[in-house]
Amino acid sequence: MQTNPMLQQLNFLREIDRLKSVIRQSPLLDQSRKENSAEHSWHLAMYALLLHDHAHSPVNLMRVIKMLLIHDIVEVDVGDTPIHSGASPQDQALQEQQAAKRLFGLLPVAQGAELHDLWCEFEAASTDDAKFAKALDRVQPLLINVATNGGTWAENNVNLEMVLQRYGPIIERGSPALWAHCEQAARAHFAAKA
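On a predicted model such as this, the values are computed, not experimentally measured, just so you know.

## Quick look at the overall build of the protein
Logical step 1: The secondary structure content of the protein amounts to 11 helices and 2 strands.
Logical step 2: Sequence-ordered secondary structure for the protein, helices as α and strands as β, is α-β-β-α-α-α-α-α-α-α-α-α-α.
Logical step 3: For 194 residues, the compact-globule estimate of 2.2 N^0.38 gives 16 Å, and the protein sits close to it at 17 Å.
Logical step 4: With the C-alpha coordinates of the protein rotated into their principal frame, the extents come out at 60 × 35 × 30 Å.
Logical step 5: When burial is assessed residue by residue, the protein has 42% of its 194 residues classed as buried.
Logical step 6: Contacts spanning at least 24 positions in sequence make up 68% of the contacts within the protein whose residues lie at least 6 apart.
Logical step 7: Taken as a whole, the protein presents about 10,100 Å² of accessible surface, with 55% of it coming from carbon and sulfur.
Logical step 8: In the protein, which carries 17 positive and 23 negative side-chain charges, the distance between the mean positions of the two groups comes to 2 Å.

## Thoughts on the nonpolar core
Considering soluble globular proteins, one finds that nonpolar side chains tend to be buried as a cluster.
Logical step 1: Ranked by internal contacts, the top residues of the largest apolar core, which has 44 residues, are L68, F104, L136, L142, W153, V163 and I171.
Logical step 2: Elements with a minimum of two residues in this core: α2 (37-51), α3 (61-70), α5 (89-104), α6 (109-124), α7 (128-147), α9 (160-166) and α11 (176-193).
Logical step 3: Tallying contributions element by element places α7 first for this core, with 6 residues.
Logical step 4: Excluding residues within four positions of it along the chain, V163 makes contact with L142, W153, V158, G168, W179, A186 and F190.

## Quick look at α5
Logical step 1: Across its 16 residues, α5 extends 22 Å between first and last C-alpha, which sits within 8% of the 22 Å expected from 1.5 Å per residue.
Logical step 2: Taken as a whole, α5 has its buried residues at E96, A99, A100, L103 and F104. Along α5, the residues classed as buried sweep out an arc of 105° about the axis, all on the same side. Set apart from the buried face of α5 by more than 90 degrees, the exposed residues are Q90, Q98 and K101.
Logical step 3: Tucked inside the fold, the buried residues of α5 contact α1 (5-16), α3, α4 (75-78) and α6.

How each quantity is defined
- Residues numbered from 1 in each chain as written.
- Predicted model: local features only at pLDDT ≥ 70, side-chain atom pairs only at ≥ 80, totals over all residues.
- Heavy atoms only, no water.
- Helix = DSSP H or I, 4+ residues; strand = E, 2+ residues; numbered from the N terminus.
- Rg over C-alpha atoms; globule rule 2.2 N^0.38 Å.
- Buried < 20%, exposed > 50% of the residue type's maximum accessible area, 1.4 Å probe, protein only.
- Contact = heavy atoms within 4.5 Å.
- Areas by Shrake-Rupley, 256 points an atom, 1.4 Å probe, with all protein chains shown as cover.
- Lys, Arg positive; Asp, Glu negative; His and termini not counted.
- Charge placed at Lys NZ, Arg CZ, Asp CG, Glu CD.
- Core = buried A, V, L, I, M, F, W, Y, C linked by side-chain atoms within 4.5 Å.
- Expected span 1.5 Å × (residues − 1).
- Arc of directions from axis to C-beta.

Structure follows, in structure tokens:
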């Protein structure tokens, strides 16, 4: 067990480099390839930086950015589970909790506990910060699907009703303004496909 804090932090940073190899279903906007989970997390942090004024309630921007940077770190161990995969939410949650314990346990105790607590807060989505972070985690792939002519929706036979159910409540809870935009974009996308 490593006890030098800096070496623990560097070991953690090496371990999470593996997030760059976790390929998501969502394509890049230019559709040249699929994005990886590290790119997704960075992009969400940018969404928070630019869109935090549209949160349903005032949020602590630094906490939201931290949540978004770490929210998918568990995918180092368990991979990405797409929203339309039909995977068991209970099994996924258990695997992700075990991954979070292992990964954040690589850090010095206080730092690991802080990040683990932020990860749990994001998962529970019970605070204003977490609700907004969760909303952004749904906004980004929704907008990617609209911009890529249906993207993963087309691949997974997703219809408008599924989009409204799977994305709507979570986005609206964190940002009614962003949901209004996303709902309009989704409806226009599916209307054009009809």
